[in-house]
Amino acid sequence: MATNDSEQAKRFKDDLPTPASGTSVKIGTHDGIFHCDEVLACFMLQQLPQYASAEIIRTRDTSKLDECDVVVDVGATFDRARHRYDHHQASFNDTLRSLRPELNVKWDIRLSSAGLVYTYFGEEVIKRVLKQKLNLEPSAECLRAVYTKVYDGLISEIDAIDNGVPMFEGGEPRYNISTHLSGRVGAFNSRWNEPTPAPGCLERFEKAKAYVGLEFVDKVTYYASCWWPARDIVSKGLANRMALHESGEILELEQPCPWKEHLYQLEQEQNLVGQAKYVIYCNKEHDWRVICVPLQPASFVCRKFLAKPWRGVRDEELEKVSGIAGSNFCHQTGFIGGNKTREGALKMAIASLAAKEDE
């Protein structure tokens, strides 16, 4: 019988390793130069109540690692039952998609120790962070969205860099480097002409962990409190598109917000892929924007640009060329334009719909 998301999340939560009563809690990882993946893995584990005060043991001594409750990024073993999360062995090829097929995600990037910890404990870590930082109890839908978004916007980059995964395999990138966190963490290690830290020394590791933690928490809280609520605004715009214009190809947002990814997702869910061409919204008083929907979130190649004669033209000249009062700018590539009024912005979108690219 298939396992639903809530049951799966509960199973992972209940499966958290619990130290024996009266014993100190230990997280093991390797000593020497540290990397972003095990630093973040340790940070995430320490957000869980069982490991909030865990001692981090940095060593490659097998006998000492055997005494740890969880071991990450060392030991040449991935054993979920024993909570050993290394990814360096030749036999390891798991990805988020292979280990969590019920999530139906696209990522096939080989996991690092950070990715392994996130795969199994990420939802619970996110819930703890949101409760502590925002006093927020996310809905199941919000939690799923934030979980996948944090993987896409942070964890996948760390997994890929640590495993040396090529960014391109074909025309589209398999992942994006948006934080450069791996490089920044590397700078916390001692330099070549500085004294080598004593084996197992935690001073620099702890500084790196605090640094990585700030980035992780910032991502989680942003996606939950800023990015996710924008979905409702985009959903309303999509639902009202026919009332705005008979073509159904223009959306109005009730306020500026992160809209692109939500639009693509909602279009897929409602079988409307590619229909929306323009988005209008009020940026501030007397400042309305007309934005072309790009083919991809980060692309400047759009489904349909603004009318060609307007591009690079501003103010009175643009009003004259377009014949639309209040028009005050159009980017030279035609991906965005502006008008002083809602009526004018809508007219710009409608006129661009009818315009031919070669005119």
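- Per UniProt, the protein chain has the following entry under Sequence similarities (unreviewed entry): "Belongs to the MYG1 family."

As for the sheet that holds strand β9 (residues 327-330)
So, point 1. Taken in spatial order, the five strands of this open sheet run β6-β7-β8-β10-β9, and their pairing is mixed. The open sheet is flanked by β6 (250-252) and β9, the only strands paired with a single partner. Adjacent strand axes in the sheet meet at a mean angle of 20° when their direction is disregarded.

Concerning helix α9 (residues 230-239)
So, point 1. The complete set of buried residues in α9 reads Ala230, Arg231, Ile233, Val234, Gly237 and Leu238. End-on view of α9: buried residues confined to an arc of 160°, all on one side of the axis. Pointing more than 90 degrees away from the buried face of α9 are the exposed residues Asp232 and Ala239.
So, point 2. Among the structural elements, α6 (140-163), α8 (203-227), α10 (241-244), β6 and α11 (260-269) are those in contact with the buried residues of α9.

Some points on the packing of aromatic side chains
So, point 1. Scanning all chains against the criterion turns up 15 aromatic pairs.
So, point 2. For the pair Tyr223 and Trp227, a centre-to-centre distance of 5.9 Å together with 80° between the ring planes defines the contact as edge-to-face. Placement of both Tyr223 and Trp227 in helix α8 is noted, with a separation of four residues, approximately one turn of the helix. Trp227 shares its class with Tyr223; the two are buried.
So, point 3. A connected cluster of aromatic rings, assembled from ring pairs, spans Phe78, Tyr85, Phe92, Tyr120 and Phe121.
So, point 4. Against the face of Tyr120 rests Arg80, its NZ or CZ located 4.1 Å from the ring centre.
So, point 5. In this structure, Lys149 is placed above the aromatic ring of Trp227, and the distance from its NZ or CZ to the ring centre is 5.5 Å.

Things to note about the packing of helix α2 (residues 36-45) against α8
So, point 1. In the contact formed by α2 and α8, the axes pass within 9 Å of each other and the chain directions differ by 70°. Between α2 and α8, the angle is such that the two are roughly perpendicular. Here α2 contributes Cys36, Glu38, Val39, Leu40, Cys42, Phe43 and Met44 to the contact with α8, which in turn contributes Phe205, Ala208, Lys209, Val212, Gly213, Phe216 and Val217.

Remarks on the pairing of strand β2 (residues 55-58)
So, point 1. Looking at chain direction, strand β1 (residues 26-29) and β2 are connected through four bridges and run parallel. Considered in β2, the bridge of Lys26 is made with Glu55.
So, point 2. This β-α-β element, β1 to α2 to β2, shows right-handed connectivity.

Re the side chain of Lys26
So, point 1. For Lys26, the position within the fold is in strand β1.
So, point 2. Relative accessible area serves as the criterion here: at 19%, Lys26 is assigned to the buried category.
So, point 3. Those residues within four positions of Lys26 in sequence are excluded, and the remaining contacts are Glu55, Ile57, Glu67, Cys68, Asp69 and Val70.

Describing the pattern of salt bridges
So, point 1. Following the criterion strictly, the structure yields 20 salt bridges and no others.
So, point 2. Taking the shortest distance from any N to any O, the salt bridge between Glu269 and Arg231 comes out at 2.9 Å. With a gap of 38 residues between them, Glu269 in helix α11 and Arg231 in helix α9 connect regions that are remote in the sequence.
So, point 3. Note on Arg231: relative accessible area 13%, which makes it buried.
So, point 4. Here Lys277 makes a salt bridge to Glu249, at a shortest N to O gap of 3.0 Å. In this pair, Lys277 is assigned in the loop between α11 and β7 (278-284) and Glu249 in the loop between α10 and β6, connecting sequence segments 28 residues apart.
So, point 5. For Glu249, a relative accessible area of 22% gives the class partly exposed.

Overview of helix α13 (residues 342-354)
So, point 1. Taking 1.5 Å per residue as the helical rise, α13 with its 13 residues ought to reach 18 Å, and the 19 Å between its terminal C-alpha atoms agrees with that figure.
So, point 2. Buried within α13 we find Gly344, Ala345, Leu346, Met348, Ala349, Ser352 and Leu353.
So, point 3. Buried residues belonging to α13 abut α10, β6, β7, β8 (287-292), β9 and β10 (336-339).
So, point 4. Of the residues flanking the start of α13, the one acting as N-cap is Thr341, its side-chain oxygen 2.9 Å from the backbone nitrogen of Gly344.

So, the sheet that holds β2
So, point 1. If you walk across this open sheet you meet the five strands as β2-β1-β3-β5-β4, and the pairing is mixed. Each of the sheet's edge strands pairs with one partner strand only, and the pair in question is β2 and β4 (78-79).
So, point 2. Summarising the sheet, β4 and strand β5 (residues 84-85) pair through two bridges and their orientation is antiparallel. By the bridge assignment, Asp79 is partnered in β5 with Arg84.

Parameters at a glance
- Residues numbered from 1 in each chain as written.
- Predicted model: local features only at pLDDT ≥ 70, side-chain atom pairs only at ≥ 80, totals over all residues.
- Heavy atoms only, no water.
- UniProt positions renumbered as here; feature names shortened; annotations may be inferred.
- Pairing = 2+ DSSP bridges.
- Helix = DSSP H or I, 4+ residues; strand = E, 2+ residues; numbered from the N terminus.
- Axes fitted to C-alpha atoms, helices over the stretch in contact; angles between N-to-C directions.
- Buried < 20%, exposed > 50% of the residue type's maximum accessible area, 1.4 Å probe, protein only.
- Arc of directions from axis to C-beta.
- Contact = heavy atoms within 4.5 Å.
- Phe/Tyr/Trp six-rings, centres within 6.5 Å; stacked < 30°, edge-to-face > 60°.
- Lys NZ or Arg CZ within 6 Å of the ring centre and 35° of its normal.
- Parallel < 35°, antiparallel > 145°, perpendicular 65-115°, else oblique.
- Right-handed = clockwise from strand over helix to strand, strands pointing away.
- Salt bridge = Lys/Arg side-chain N within 4 Å of Asp/Glu carboxyl O.
- Expected span 1.5 Å × (residues − 1).
- Polar contact = N/O pair within 3.5 Å; in protein donor to acceptor, adjacent residues only side chain to side chain.

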